[in-house]
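# Architecture at a glance
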Amino acid sequence: MAAAIASQAAVAEQPAFVFTEDNFRAPKLPANLKVVDVPLVEATDAALEGFGYVLHSADERTVEKKNFEIVQWPAKGWRKCDPGCGDEAGTTEGRFEVRWEGDFFYGNNLAVATTNNTYLDGLGALPEVASADEATCAGDGKAILLWMSDYHGDGAQLFFPERRHPFVVCLGPAACGDDVAPADMRAFYVPAGKGVYFHPGTWHNGVYVAKDVIARLGGDKATFLTRQGRVHSRFSASWAEEFGCVLRVPLTL
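Presented here is an overview of the structure given in this document. (Residues numbered from 1 in each chain as written. Predicted model: local features only at pLDDT ≥ 70, side-chain atom pairs only at ≥ 80, totals over all residues. Heavy atoms only, no water.)

## Overview of unusual backbone geometry
Threshold: Think of it this way: any DSSP run of H or I at least four residues long counts as a helix, any run of E at least two long counts as a strand, and we number them from the N terminus. Remark: exposure states derive from per-residue accessible area (1.4 Å probe, protein chains only) relative to the maximum for the residue type, with buried under 20%, exposed over 50%, and partly exposed in between.
The phi dihedral of asparagine 32 is positive, around 60 degrees, even though this residue is not glycine. Considering the arrangement of structural elements, one finds asparagine 32 in the loop between α2 (21-25) and β1 (34-37). Unlike most non-glycine residues, histidine 232 shows phi in positive territory, near 60 degrees. What makes histidine 232 buried here is its relative accessible area of 15%.

See below:
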């Protein structure tokens, strides 16, 4: 009986939102979500201490240079993983594309071997007024509302834009583990010509680009190189489902 009660309690503690392929692309977000403002600062190594580093080139951190962190897979029992194994999958890399469709901001991670790689990364307006039609959208594309964040358990991740333009990331400390909360999140403005690297376990999601910046690029999207652990273990939190809120992140300083 005690085991059954413990099992039921464990199930009850699981988040109700499941990040399936369909849910990630088109989540059913509730109305009247609270808006939590996240402070934005310029990304420097000092500001990013504990989260990661500013990058000056796309190849600044690689497995070959032994400065790209890959996490050894944890043991399930009392025996330890043998030295020199469990972290040999290395990295995968490819394009990460972001675009606005009216008030909806999408990311597409082409580096990972899965179809669950297209995400609604955020919105320009609250869900109940957001529109996919540019003519009727409610936001101006200069701020983004984040409904979720995630972290990778198997390694670090980096983003470097293919063209020179600024972008924004929203990060939470790896030390929070699964008990992250909206107040833990911080936003960083990465200047044009720079990239960013996150330590393993750092809460994040995609990279965010203001609508007018994408327009100045002369197309409908911005493209980044991303490099990350090849295993791609992803653990997600829905701010909307778990905390009844979205995080408001400015996209310009």
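## Re the pairing of strand β8 (residues 148-152)
Formally: Between any two strands, pairing holds if DSSP finds at least two bridges.
Judged by how many residues are buried, β8 sits mostly within the fold: five of five residues are covered. Looking at chain direction, β8 and strand β14 (residues 234-238) are connected through five bridges and run antiparallel. Across the sheet, the residue bridging to serine 149 is alanine 237, located in β14.

## Comments concerning the sheet that holds strand β11 (residues 186-190)
Our working definition: Lines fitted to C-alpha atoms define the axes, with helix axes restricted to the stretch in contact, and inter-axis angles between N-to-C directions lie between 0 and 180 degrees.
Pairing is mixed across the open sheet formed by three strands, whose spatial order is β2-β11-β10. The open sheet has two free edges, formed respectively by β2 (40-42) and β10 (167-171), since each of these has just one partner strand. Here the average twist between neighbouring strands, direction ignored, is 30 degrees. As defined by bridge partners, β2 adjoins β11 across three bridges and the pair is classed as parallel.

## So, the packing of aromatic side chains
The relation between two aromatic rings is expressed through the spacing of the ring centres and the mutual angle of the planes. Cut-off, in case you're wondering: Within 6.5 Å between ring centres, the rings of Phe, Tyr and Trp (the latter by its six-membered ring) count as paired, and their orientation is classed by plane angle as stacked under 30 degrees, edge-to-face over 60, tilted in between. Think of it as a cone above the ring: NZ of Lys or CZ of Arg counts as a charge over the ring if it is within 6 Å of the ring centre and within 35 degrees of the ring normal.
Counted according to the given criterion, the structure contains 19 aromatic pairs. When the ring of phenylalanine 68 is compared with that of tyrosine 197, the centres are 5.5 Å apart and the planes differ by 90 degrees; the resulting orientation is edge-to-face. One end of the pair, phenylalanine 68, is in the loop between β3 (52-55) and β4 (91-101); the other, tyrosine 197, is in strand β12 (residues 195-198), with 129 residues separating them in the sequence. Overall, phenylalanine 68 belongs to the buried group, its relative accessible area being 6%. Their ring planes at 65 degrees and their centres at 5.0 Å tell us that tryptophan 100 and phenylalanine 105 sit as a pair that is edge-to-face. Across this residue pair, the class does not change: tryptophan 100 and phenylalanine 105 are buried. Ring pairs connect the aromatic residues Phe17, Phe19, Phe24, Phe96, Tyr119, Trp147, Phe159, Phe167, Phe198 and Phe224, which therefore count as one cluster. Looking at arginine 61, its charged tip hangs above the ring of tyrosine 197, at a distance of 4.9 Å from the centre.

## Overview of the nonpolar core
The condition that has to hold: Think of a nonpolar core as a cluster: buried Ala, Val, Leu, Ile, Met, Phe, Trp, Tyr and Cys residues, connected wherever their side-chain atoms sit within 4.5 Å.
One finds Trp147 and Phe224 to be the most contacted residues of the largest nonpolar core, which totals 60 residues. If you look at the next biggest cluster of nonpolar residues, it comprises eight residues, including Ala58, Phe68, Tyr197 and Leu225.

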